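Remarks on the overall topology
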Amino acid sequence: MSAPLYVRARAPLRLSFCGGGTDVSPYPQEHGGMVLSATINQYAYASLRPRRDSKLTLASLDYDIVARYDHPRSMRFDGQLDLIKSVVKAMKVKRGADLWVHSDAPPGSGLGSSSTMVVAMIGAIREWLGRSMESYEVAELAYRIEREDMKLSGGRQDQYAASFGGFNFIEFFGDQTVVTPLRIRREVLQELEYRMLLCYMGQTRQSASIIDRQTASYRSGKKAVVQALHRLKLETVEMKKALLLGDVDGIGELLHEAWENKKKLDAAISTSHVDRLYQVARKEGAIGGKMPGAGGGGYFLFLTRFDRKHRVAAALEKHGGQVVPFQFESRGLMSWSYRSR
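Since we're looking at a predicted model, the values are computed, not measured.

Overview of helix α6 (residues 186-195)
Buried within α6 we find V188, L192 and R195. Seen end-on, α6 carries its buried residues on one side only, within an arc spanning 80°.

Written as structure tokens, this is what we have:
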């Protein structure tokens with residue numbers, strides 16, 4: 001009897017530096033949106049084991065939830081693992097398999113974990129079924145599954161970041177998305193890693209409610225929200241320029257400006273706890289920072305003066321933050337097959 005075959009896939013989580021919110025419809029259809037992001041060495045994973053029968057087992061290792069069906073056709077959308085089921089359905093799986101997923105960061109962390117998980121699942125099933133799918137195709141399918149099939153609120157950036165990997169300037173023109181990989185000098189990347197801090201602030205949040213209120217404010221023409229989105233776009237262009245020129249201090253200042261504008265999109269984007277930690281970090285030597293997700297909790301990214309990083313880290317941890325080491329990841333979605341001995 002041959003050893004069992006496993007199919008694996010992993011996709012990197014991302015840090016969104018600037019432009020988040022301009023990728024949420026209908027803003028990009030009406031004005032065009034743009035974001036600047038980079039992937040890091042934290043991942044979402046999917047593992048698949050083909051079965052000889054037609055049974056389907058779906059499991060989330062993070063939540064310890066399992067769903068079993070006699071055949072993919074017999075799946076029922078009942079509020080448990082529905083996102084995984086949507087990927088199986090969209091990929092037209094007709095054979096039996098066991099599928100497991102897990103992530104290095106929880107949903108609601110602000111690192112795009114839900115969308116990254118969808119990309120990883122597509123990668124594993126693509127590898128198993130021998131389908132040829134380019135990065136754009138994977139990202140578009142992931143977007144359709146989340147936003148159209150599942151009707152989940154959110155933007156367009158996370159699926160592309162996870163599929164492509166690396167530093168990307170991503171533009172949204174109507175329903176078209178253009179990903180421009182940025183060639184950042186090695187010493188600039190190393191300087192950014194040296195001076196950046198990623199801090200878990202606690203209390204993950206449901207981003208959908210924040211995004212829904214932000215979208216409603218934009219649709220109603222709320223001036224502060226519309227102007228903040230316009231300014232975020234301009235700051236994204238400026239940050240791309242600073243990144244390519246290697247102006248690391250300038251990136252920190254733009255992160256601060258972007259955070260101030262982001263908070264104008266919805267009152268729940270920041271909290272008194274987050275505001276207090278941000279003030280502490282700035283006092284100790286952080287030039288700027290922002291939440292890399294929709295807001296309300298999760299992770300916060302800081303860029304510090306080189307000689308004050310240790311003091312910022314100590315102050316954040318004293319006030320309940322948890323500093324998480326990271327490095328940038330240049331590779332996007334990866335998949336492979338493995339046969340155990």
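After presenting the structure, the write-up continues.
Quick notes on a positive patch on the surface
Among the surface-exposed residues, K92, K94, R95 and R131 lie close enough to one another that they form a single positively charged patch. In this structure, K94 sits in the loop between α2 (82-90) and β5 (97-103).

Here we look at the packing of aromatic side chains
Applying the stated rule across the entire model yields 13 aromatic pairs. Ring centres 5.5 Å apart and planes at 70° place the aromatic pair Y27 and Y218 in the edge-to-face group. Of this pair, Y27 sits in helix α1 (residues 27-31) while Y218 sits in helix α7 (residues 207-219), and the two are 191 residues apart along the sequence. On the basis of an interplanar angle of 80° and a centroid distance of 5.6 Å, the ring pair of F326 and F328 is categorised as edge-to-face. Exposure remark for F326: the relative accessible area of 10% places this residue in the buried category. Looking at F328, the relative accessible area reads 14%, which means it is buried. For R10, the ring lying beneath its charged end belongs to Y43, and the centroid distance is 4.0 Å. Geometry around F169 places K240 over its ring, the cationic atom sitting 4.2 Å from the centre.

Regarding the packing of helix α10 (residues 272-284) against helix α11 (residues 309-318)
At a minimum axis distance of 8 Å, the contact between α10 and α11 shows a crossing angle of 155°. By the angle between their directions, the pair α10 and α11 is classed as roughly antiparallel. Note on packing geometry: the crossing formed by α10 with α11 is right-handed. Contacts from L277, V280, A281 and E284 of α10 reach α11 at R311, V312, A315 and L316. For the contact of α10 with α11, the per-class residue count stands at 6 nonpolar, no polar and 2 charged.

Things to note about the sheet that holds strand β10 (residues 299-304)
Overall, antiparallel pairing links the 4 strands, which are arranged β9-β10-β8-β11 in an open sheet. The outermost strands of the open sheet, each flanked by one partner alone, are β9 (286-290) and β11 (322-323). Pairing between strand β8 (residues 196-200) and β10: 5 bridges, direction antiparallel. Counted as the bridge partner of L197 is F302 from β10. This element, α6, spans β8, β9 and β10 of the sheet and lies at about 45° to β8. The strands that α10 touches are β9 and β10; relative to β9, the one it contacts most, it runs at about 155°.

Some words on helix α4 (residues 135-149)
Taking 1.5 Å as the rise per residue, α4 with 15 residues should run 21 Å; its terminal C-alpha atoms sit 20 Å apart, in good agreement. Among all positions in α4, only V138, A139, L141, A142, Y143, I145, E146 and R147 are buried. In this structure, the buried side of α4 is in contact with α2, α3 (113-129) and α5 (157-164). Count one or two residues on from α4 and you reach K151, which has phi positive near 60°.

Describing the packing of helix α9 (residues 248-262) against α10
The packing of two helices is summarised by the inter-axis angle and the distance between the axes. The geometry of α9 relative to α10 is characterised by a closest axis approach of 14 Å and an angle of 160° between their N-to-C directions. As judged from the angle between their axes, α9 and α10 are roughly antiparallel. Handedness of the α9/α10 crossing: left-handed. For the pair α9 and α10, contact is made by H256, W259 and E260 and by V274, Y278 and R282, respectively. Per-class residue counts for the contact of α9 with α10 are 3 nonpolar, 1 polar and 2 charged.

Topic: the pattern of salt bridges
Counted by the stated rule, this structure contains 19 salt bridges. For K241, the salt bridge is made with E238, and the minimal N-O distance between the two is 3.6 Å. Of this pair, K241 and E238 both sit in helix α8 (residues 223-245), 3 residues apart, which is roughly one turn of the helix. Here R331 makes a salt bridge to E329, at a shortest N to O gap of 3.1 Å. Judged by relative accessible area, E329 falls into the buried class, the value being 7%. Through salt bridges with shared partners, a single ionic network connects R49, R51, D53 and D98.

A look at the nonpolar core
Generally speaking, nonpolar side chains in soluble globular proteins are found buried as a group. L15, F17, F167, L192, M196, F302 and F328 are the most contacted members of the largest nonpolar core, which has 59 residues in total. Looking at this core element by element, the count peaks at 8 residues for α8. Beyond its immediate chain neighbours, meaning those up to four positions away, L192 contacts F167, L243, V248, I251, L303 and F328. Grouped together as the second largest cluster of nonpolar side chains are 38 residues, L58, V101, W128 and L141 included.

Criteria and thresholds
Residues numbered from 1 in each chain as written. Predicted model: local features only at pLDDT ≥ 70, side-chain atom pairs only at ≥ 80, totals over all residues. Heavy atoms only, no water. Buried < 20%, exposed > 50% of the residue type's maximum accessible area, 1.4 Å probe, protein only. Helix = DSSP H or I, 4+ residues; strand = E, 2+ residues; numbered from the N terminus. Arc of directions from axis to C-beta. Patch = residues over 30% accessible without salt bridge, like charges linked within 9 Å, V, L, I, M, F, W, Y side chains within 5 Å. Areas by Shrake-Rupley, 256 points an atom, 1.4 Å probe, with all protein chains shown as cover. Salt bridge = Lys/Arg side-chain N within 4 Å of Asp/Glu carboxyl O. Lys, Arg positive; Asp, Glu negative; His and termini not counted. Charge placed at Lys NZ, Arg CZ, Asp CG, Glu CD. Phe/Tyr/Trp six-rings, centres within 6.5 Å; stacked < 30°, edge-to-face > 60°. Lys NZ or Arg CZ within 6 Å of the ring centre and 35° of its normal. Axes fitted to C-alpha atoms, helices over the stretch in contact; angles between N-to-C directions. Parallel < 35°, antiparallel > 145°, perpendicular 65-115°, else oblique. Left-handed = near helix turned anticlockwise from the far one by under 90°. Contact = heavy atoms within 4.5 Å. Nonpolar A, V, L, I, M, F, W, Y, C, P; charged D, E, K, R; others polar. Pairing = 2+ DSSP bridges. Expected span 1.5 Å × (residues − 1). Core = buried A, V, L, I, M, F, W, Y, C linked by side-chain atoms within 4.5 Å.

Geometric values such as these leave the question of function open.
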